[in-house]
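Fold and geometry: a report
Okay, here's what each chain looks like letter by letter:
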Amino acid sequence: MPPDEVFIGSIDQGTTSTRFFIYDRAARPVGSHQIEFTQFYPQSGWVEHDPMEILESVRLCIAKAVDKATAAGHNVDSGLKAIGLTNQRETTVIWSKSTGCPLYNAIVWMDVRTSSLCRKLEKELPGGKTHFLETCGLPISTYFSALKVLWLLDNVDAVKEAVKKGDALFGTIDTWLIWNLTGGKENGLHVTDVSNASRTMLMNLKTLDWDETILDTLGIPAEMLPKIVSNAEIIGKLAKDGQFQESRSLDVLVINMQPWWDKGVGKVGLSTFGTGAFILLNTGEEIVKSKHGLLSTLAYKLGPKAPTNYALEGSIAIAGAAVQWLRDSLGIIKSASEIEELAMQVDSCGGVYFVPAFNGLFAPWWRDDARGVLIGITRFTNKSHIARAVLESMCFQVKDVLDSMHKDVGDKGEAKNAKGDFLLRVDGGATVNNLLMQIQADLLGTPVARPAAIETTARGAAYAAGLAIGIWTEKDIFSSGEEMDKATIFRPKGDQEVRKKKVESWCKAVSRTFDLADLSL
């Protein structure tokens, strides 16, 4: 066991599970642990998490991963130097500064309880749905944190009282975790990073600070907001509370980071089953405004004095979550991994199209009045057709976003293979499904590249932490050629005419989802 071993930890806090990875100096995972946590659905369209359960899942994952790495012969006790963090973004928590207790459950990013509030603002504000777009890059939508904060201020007495007393703290999940892990009510650090802050609808994309005009317009007190920091800097020490002393006394640094990528590389993240899909295109130091339903957002800022990189993003609300729905709500499969075998029992969806607008549609449609549809059903339809239609729905949504992206920026800076074809890079747990990847390539008509290490989000957070303390350099991080050499390439099959007809059928199915939110129960 080398005494000078160096390790970097990474908290990957997703929509359905928490994971913790430990990487060595060569960025190889040496230990990990995963815990799923409870999803609460109080009403149709509402989605909540218990912030305390999430915090406990993080603490337990760290302890278990350290134990596993230690058992494998790694000196993690003395070698763990920093921890990075990546998280579900827009999910909103408000808690008491004095007690450390949440004042309400976390309202999850896909929750649509604020639909009526969105309509109200659109009518009242002169700019309508795009009133704040010039400042923050985002339309008024149920997706973003600001609307969730307004709902909490309007509907939860405990929040109202805490705000009056100056005792309320707001944060996305990164802020909640960092505050607790660095001491909580005993001087915990109340911070967020620029990429998370850019998803609240409250940050000015140019100044990288909370926008006073937006705050005044919405009536959100600045005092409850966290300090905004970069993606790769030392935030503070990890507190040695009772939980950690029982496992390991880890005196490390906490860094916060979302994944990043080279300028112009289209990156699709099909997250582990239970979340959405997110397609991002790095636009460098330029804020590119979309005319086709995409979001102008912040990609990364790798240090306090580093340049700011922006991105165009297409957010898809339901991707892998549709597989979870088949498993948990319909019982068609017993585990998420079974869907591939089930869908492969047929060679097409049999004319069945599924649009998973469970909580509306995000990019490029932005229709919170949409609801899910399964159409084209006949007596010929069986569960294999439905399973395949669910997989196809993920891929159609990705294609919709990529088509919008191409309309906005053309092929400038695209990742291409040696033949000059557009090359779509993918990551995340859902990408282990080979059929899903092949369907994606077939619908796009272009190759899809899956790296050997698909958990790039967690690795990205670890890279940010290592960069901040000097373990790695930007050259180390952005040298992606080796990863692509090991990638599995899925090449498109089928002819263009079939692809065109399927896309037309999909668009017809999408149109059937609109204006369904008020259907009688």
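Along each chain, numbering runs from 1 in the same order as the chain's sequence is written. Given that the model is predicted, a residue must reach a pLDDT of at least 70 before its local features are reported, and side-chain atom pairs must reach 80 or more before they are shown or counted; all residues, however, enter totals for whole chains, interfaces and linings. Derived side-chain values reflect all non-hydrogen atoms in the structure, with water molecules and hydrogen atoms excluded from consideration.

Going by what an unreviewed UniProt entry lists, the chain is known as glycerol kinase and is assigned to Sesamum angustifolium.

To qualify as a helix, a DSSP run of H or I must reach at least 4 residues; to qualify as a strand, a run of E must reach at least 2; elements of each kind are numbered from the N terminus. The helix and strand tally for the chain stands at 18 helices and 22 strands. Under the scheme applied here, a residue whose accessible area is under 20% of the maximum for its type counts as buried, over 50% as exposed, and between as partly exposed, the area being computed with a 1.4 Å probe on protein chains only. Across the 521 residues of the chain, 62% fall into the buried class. Residue contacts follow a heavy-atom distance rule, with two residues in contact if any of their heavy atoms lie within 4.5 Å. Sequence-distant contacts, at least 24 apart, represent 71% of the contacts inside the chain between residues at least 6 apart. Computed with a 1.4 Å probe, the accessible areas rest on the Shrake-Rupley method; for each residue, only the protein chains presented here act as cover. Just so you have it, the chain exposes about 20,900 Å², and 50% of that area is on carbon and sulfur atoms.

Along the chain, the position of Thr114 falls in the loop between strand S7 (106-107) and helix H3 (115-124). Residue Thr114 is classed as buried on the basis of its relative accessible area, which comes to 2%. When residues no more than four places from it in sequence are discounted, the contact partners of Thr114 are Thr142, Leu147, Lys148 and Trp151.

Okay, the nonpolar core next. In globular proteins that are soluble, nonpolar side chains generally tend to be buried together. If you look at the biggest cluster of nonpolar residues, it comprises 111 residues, and the most contacted ones within it are Ile94, Leu147, Met201, Leu202, Leu218 and Ile220. With 13 residues, helix H13 (residues 383-409) is the largest single contributor of residues to this core. Not counting chain neighbours up to four residues away, the residues in contact with Leu202 comprise Ala146, Asp209, Trp210, Asp211, Ile214, Leu215, Leu218, Ile220 and Leu225. In this text, buried Ala, Val, Leu, Ile, Met, Phe, Trp, Tyr and Cys residues form a nonpolar core when linked through side-chain atoms within 4.5 Å. If you look at the next biggest cluster of nonpolar residues, it comprises 33 residues, including Ile11, Phe20, Leu55 and Ile83.

Attention now goes to the environment of Leu424. You can see Leu424 is positioned in strand S20 (residues 424-427). Given a relative accessible area of 0%, Leu424 falls into the buried group. Residues Leu424 and Ala441, spaced 17 residues apart in sequence, show a C-alpha to C-alpha distance of 8.6 Å.

Attention now moves to the packing of H13 against helix H18 (residues 496-511). All axes here are fitted lines through C-alpha atoms, helices being fitted over the stretch that makes contact, and every angle between N-to-C directions spans 0 to 180 degrees. Interaxial distance between H13 and H18 falls to 11 Å at its minimum, and their mutual angle equals 95°. By the angle between their directions, the pair H13 and H18 is classed as roughly perpendicular. Note on element contacts: H18 touches H13 through Lys502, Val503 and Trp506, opposite Glu392, Ser393, Phe396, Gln397, Lys399 and Asp400. Here the contact of H13 with H18 is composed, by residue class, of 3 nonpolar, 2 polar and 4 charged. Orientation categories follow fixed angle ranges, with anything under 35 degrees roughly parallel, anything over 145 roughly antiparallel, 65 to 115 roughly perpendicular, and all other angles oblique. Under this grouping Gly is polar, as are all residues other than the nonpolar Ala, Val, Leu, Ile, Met, Phe, Trp, Tyr, Cys and Pro and the charged Asp, Glu, Lys and Arg.

Right, let's get into the environment of Ala517. By the element assignment, Ala517 lies in the segment after H18. We classify Ala517 as partly exposed; its relative accessible area is 39%. Considered as a pair, Ala517 and Ser44 are 473 residues apart in the sequence and their alpha carbons are 9.9 Å apart. Not counting chain neighbours up to four residues away, the residues in contact with Ala517 comprise Asp368, Asp369 and Arg371.

Expected helix span is computed as 1.5 Å times (number of residues minus one). The end-to-end C-alpha distance of helix H15 (residues 456-468) is 18 Å, a good match for the 18 Å that 13 residues give at a rise of 1.5 Å each. Counting buried positions along H15 yields 10 of 13 residues, so the element is predominantly enclosed. Considered for burial, the residues of H15 that qualify are Ala458, Arg459, Gly460, Ala461, Ala462, Tyr463, Ala464, Ala465, Gly466 and Leu467. Immediately beyond the C-terminal end of H15, within one or two residues, lies Gly470, with a positive phi of roughly 85°.

On to the pairing of strand S8 (residues 168-172). Of all the 5 residues making up S8, 5 are buried; the element is thus mostly covered by neighbouring parts of the structure. A two-sided burial pattern is seen for S8, the buried positions comprising Ala168, Phe170 and Thr172 on one face and Leu169 and Gly171 on the other. Judged from the 5 bridges that link them, strand S6 (residues 92-96) and S8 form a sheet pairing that is antiparallel. For Ser96, the partnering residue across the bridge sits in S8 and is Ala168. Paired strands, as defined in this entry, are two strands with at least two bridges between them according to DSSP.

Further remarks concern the pattern of salt bridges. What counts as a salt bridge is simple: a side-chain nitrogen of Lys or Arg found within 4 Å of a carboxyl oxygen of Asp or Glu. As enumerated under the stated definition, the model contains 20 salt bridges in all. Here Glu48 and Arg113 are joined by a salt bridge, their closest N and O atoms 2.8 Å apart. Pair noted here: Glu48 is in strand S4 (residues 48-49) and Arg113 is in the loop between S7 and H3, with a separation of 65 residues, a long-range link. In this structure Glu48 comes out as buried when scored by relative accessible area, which is 4%. A salt bridge links Asp368 to Arg119; its shortest N-O distance comes to 2.6 Å. Here Arg119 lies in helix H3 and Asp368 lies in the loop between strand S18 (353-355) and strand S19 (373-375), a separation of 249 residues in the sequence. Owing to a relative accessible area of 27%, Arg119 belongs among the partly exposed residues under this scheme.

This paragraph deals with the side chain of Asp369. Tracing the backbone shows Asp369 in the loop between S18 and S19. Judged by its relative accessible area of 18%, Asp369 falls in the buried class. In this structure the side chain of Asp369 is engaged in a polar contact, spanning 3.0 Å, whose partner is the backbone nitrogen of Asp515. If we skip the residues at most four places from it in the chain, Asp369 touches Thr513, Phe514, Asp515, Leu516 and Ala517. Any pair of N or O atoms that falls within 3.5 Å is considered a polar contact. Within protein, one atom must be able to donate a hydrogen and the other to accept it, and sequence-neighbouring residues count only if both atoms are side-chain atoms.

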